[in-house]
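Fold and geometry: a report
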Amino acid sequence: MSSYFGDISKLTDELTEQAGQQFPATAAALGYPTPLRRTFSEDDLTEESDEQPPAPRRFERPSESEGWTADEGTQRDALWKVLSDTAKTELRRDDLLFLRLVRGFRRADGERKRCIIEEVTTLRARYRTTPEPPLGGSLSPTDFHRAIWPTEIVGRDPWGHLIVVERVKDVDFDRLLEMPIDAVLRLRVQALDALQRLSACQRKRGPHRVYKCVFVCDCEDASYAALARRETVSLASAYARLTERMYADAVWRNVVIDAPLVARAAWRVVEPILDAETRELLQFVVCGGADPAAALEEVGVPRRAFPRTARGIALADVIAGGEQDASEKLDAMDARAAPPP
């Protein structure tokens, strides 16, 4: 029996080493090539445990804590043979992107996967190698992330996912819509990439890796006239296409708080015909009554991270100051008592 487990351990080490050599970025992001060795008792988490457990599998997708499955590895190797040199160069730089694209479009056929990967990697190569367009006046990228499209991280959910909040009332639509759409998309890629890096930082609670986020859009006191502008719709369409492809499989849940009545009515119409995965990924919540945090708690946002009372970390500060300091602050937020609703 001991020989059997010794052989299994040796095989695991060999496969881990191979994965680290062939796909080093994914290997590093998922915690290899030094795999965590734990006993069975350590894996048996109880309610008293202070450790955040890995998120469970959902809708046939592997958990984020898992590396390439055998089926995904087969798809990866087949795609690698037909991808362009540009795509391969970008995937070598960030092959966690490769993993997410394979998982995010797992139901697509091989040709559609190839086309999406080529589109995403071509765009990333262009953003990386061409000068950024002028933003107008003295506007800097930091100004954009802080004053025009501010984003805040208010904590982590029970699985360790970042809870990312954007308040519609804080978006400066007048300045935002004066900018070229391509410039806005570049800056949002900068922001979302920073979230990916922050997600990959080591955490005090739970050694497993995560790469998905919970995104909360708070529509309290939003200007519906700004949301209905033709320019806003055009930008939203371009941004949705970008995130659907470039950040495939990077969302644990989208939560919309106090959406306009027309949006909630439209959702009620289409919700019954959507697949279960889409319905799970998008949640509309009304935060009213004596306990407004309760509705968010039901969809996985803990009270300590209630967006209207929690003091979070500005994403602009993460971009400017690096991820490690922000990760340490998030560790402290995990241990902090919940604020009153």
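The rules behind the values
Note on numbering: residues in each chain are counted from 1, in written sequence order. It should be noted that, the model being predicted, local features are given only for residues of pLDDT at least 70 and side-chain atom pairs only at 80 or more, the latter also being counted only at that level, while totals for whole chains, interfaces and linings use all residues. Side-chain metrics rest on all non-hydrogen atoms present in the structure, leaving aside hydrogens and water. A pair is scored as a salt bridge if a Lys or Arg side-chain nitrogen falls within 4 Å of a carboxyl oxygen belonging to Asp or Glu. Helix numbers and strand numbers start at the N terminus; a helix is a DSSP run of H or I with at least 4 residues, a strand a run of E with at least 2. Accessible area is worked out with a 1.4 Å probe on protein chains only. A residue is then buried under 20% of its type maximum, exposed over 50%, and partly exposed in between. Lines fitted to C-alpha atoms define the axes, with helix axes restricted to the stretch in contact, and inter-axis angles between N-to-C directions lie between 0 and 180 degrees. By definition in this entry, angles of less than 35 degrees are roughly parallel, angles greater than 145 are roughly antiparallel, angles of 65 to 115 are roughly perpendicular, and the rest are oblique. We call two residues in contact whenever any of their non-hydrogen atoms come within 4.5 Å of each other. Three classes are used, and their members are as follows: Ala, Val, Leu, Ile, Met, Phe, Trp, Tyr, Cys and Pro are nonpolar, Asp, Glu, Lys and Arg are charged, and the others, Gly among them, are polar. We define a nonpolar core as any set of buried Ala, Val, Leu, Ile, Met, Phe, Trp, Tyr and Cys residues linked to one another through side-chain atoms lying within 4.5 Å. Any pair of Phe, Tyr and Trp rings, taking the six-membered ring for Trp, is counted once the centres come within 6.5 Å. Such a pair is stacked with planes under 30 degrees apart, edge-to-face with planes over 60 apart, and tilted for the rest. Here the expected span of a helix is defined as 1.5 Å times the quantity of residues minus one. Whenever two N or O atoms come within 3.5 Å, that pair is a polar contact, provided that in protein one can donate a hydrogen and the other can accept it, and provided that, for residues adjacent in sequence, both atoms are side-chain atoms.

As a further point, take the pattern of salt bridges. Across all of its chains, the model carries 27 salt bridges by this definition. In this structure, the salt-bridge partner of Glu220 is Lys169, at a minimum N-O distance of 3.7 Å. Of this pair, Glu220 sits in the loop between strand S3 (213-218) and helix H11 (224-227) while Lys169 is found in the loop between strand S2 (162-167) and helix H9 (173-176), placing the two residues 51 residues apart along the sequence. Accessibility expressed as a relative area gives 41% for Lys169, which makes it partly exposed. Salt bridges here are not isolated pairs; linked through shared partners, they connect Lys169, Asp218, Glu220, Asp258 and Arg308.

Across the interface, helix H7 (residues 110-129) lies against helix H12 (residues 230-246) with an axial gap of 10 Å and an inter-helix angle of 110°. Of the possible angle classes, the one that applies to H7 and H12 is roughly perpendicular. Packed against H7, whose contacting residues are Ile116, Glu119, Val120, Leu123 and Arg124, the element H12 presents Arg241, Leu242, Arg245 and Met246 at the interface. Here the contact of H7 with H12 is composed, by residue class, of five nonpolar, no polar and four charged.

Tracing the backbone through its elements, the reader meets Val299 in the loop between helix H15 (292-298) and strand S6 (313-314). According to the relative accessible area criterion, Val299 is buried, its value standing at 10%. Once the C-alpha coordinates of Val299 and Val285 are considered, the two residues, 14 residues apart in sequence, prove to be 8.6 Å apart. Once residues within four sequence positions are removed from consideration, Val299 is found in contact with Arg253, Val255, Gln283 and Val285.

Here the focus is helix H6 (residues 95-104). By the criterion of burial, H6 is predominantly enclosed, with nine of the 10 residues buried. For H6, the full list of buried residues reads Asp95, Leu96, Leu97, Phe98, Leu99, Arg100, Leu101, Val102 and Arg103.

Right, let's talk about the nonpolar core for a bit. In summary, soluble globular proteins display a tendency toward joint burial of nonpolar side chains. Among the nonpolar cores identified, the biggest contains 62 residues, and Leu176 and Leu195 are the most heavily contacted of them. Of the residues forming this core, the biggest block, 10 residues, is contributed by helix H10 (residues 181-199). Each residue touching Leu176, except ones within four places of it in the same chain, is listed here: Phe144, Ile148, Trp149, Val171, Val184 and Leu235. Listed in part, the 18 residues of the second largest apolar core include Val214, Val216, Trp252 and Phe306.

Here we come to the packing of aromatic side chains. How two aromatic rings sit relative to each other is set out by the distance from centre to centre and by the angle between their planes. Following the criterion strictly, the structure yields four aromatic pairs and no others. With a centroid separation of 5.6 Å and an interplanar angle of 80°, the aromatic rings of Trp68 and Phe98 are classed as edge-to-face. Here Phe98 lies in helix H6 and Trp68 lies in the loop between helix H3 (40-43) and helix H4 (70-82), a separation of 30 residues in the sequence. Phe98 matches Trp68 in its accessibility class, with the two residues each being buried. Ring plane angle 50° and centroid distance 6.4 Å describe the contact between Phe144 and Trp149, whose orientation is recorded as tilted. Accessibility classification places Phe144 together with Trp149 in one group, the buried group. Ring pairing ties together the aromatic residues Trp68, Trp80 and Phe98, which thus form one cluster.

What follows concerns H10. Under the 1.5 Å per step criterion, the end-to-end length of H10 is 27 Å for 19 residues, consistent within 8% with the ideal 27 Å. Where burial is concerned, most of H10 is hidden: 15 out of the 19 residues are buried.

Right, let's talk about the environment of Glu152 for a bit. When you line up the elements, Glu152 lands in strand S1 (residues 152-156). For the pair Glu152 and Arg167, spaced 15 residues apart in sequence, the C-alpha separation works out to 8.9 Å. Glu152 has contacts with Ile163, Val164, Val165, Arg167, Arg311, Gly312, Ile313 and Leu315, leaving out every residue within four places of it along the chain. One polar contact links Glu152 to Arg167, side chain to side chain, over a distance of 2.7 Å.

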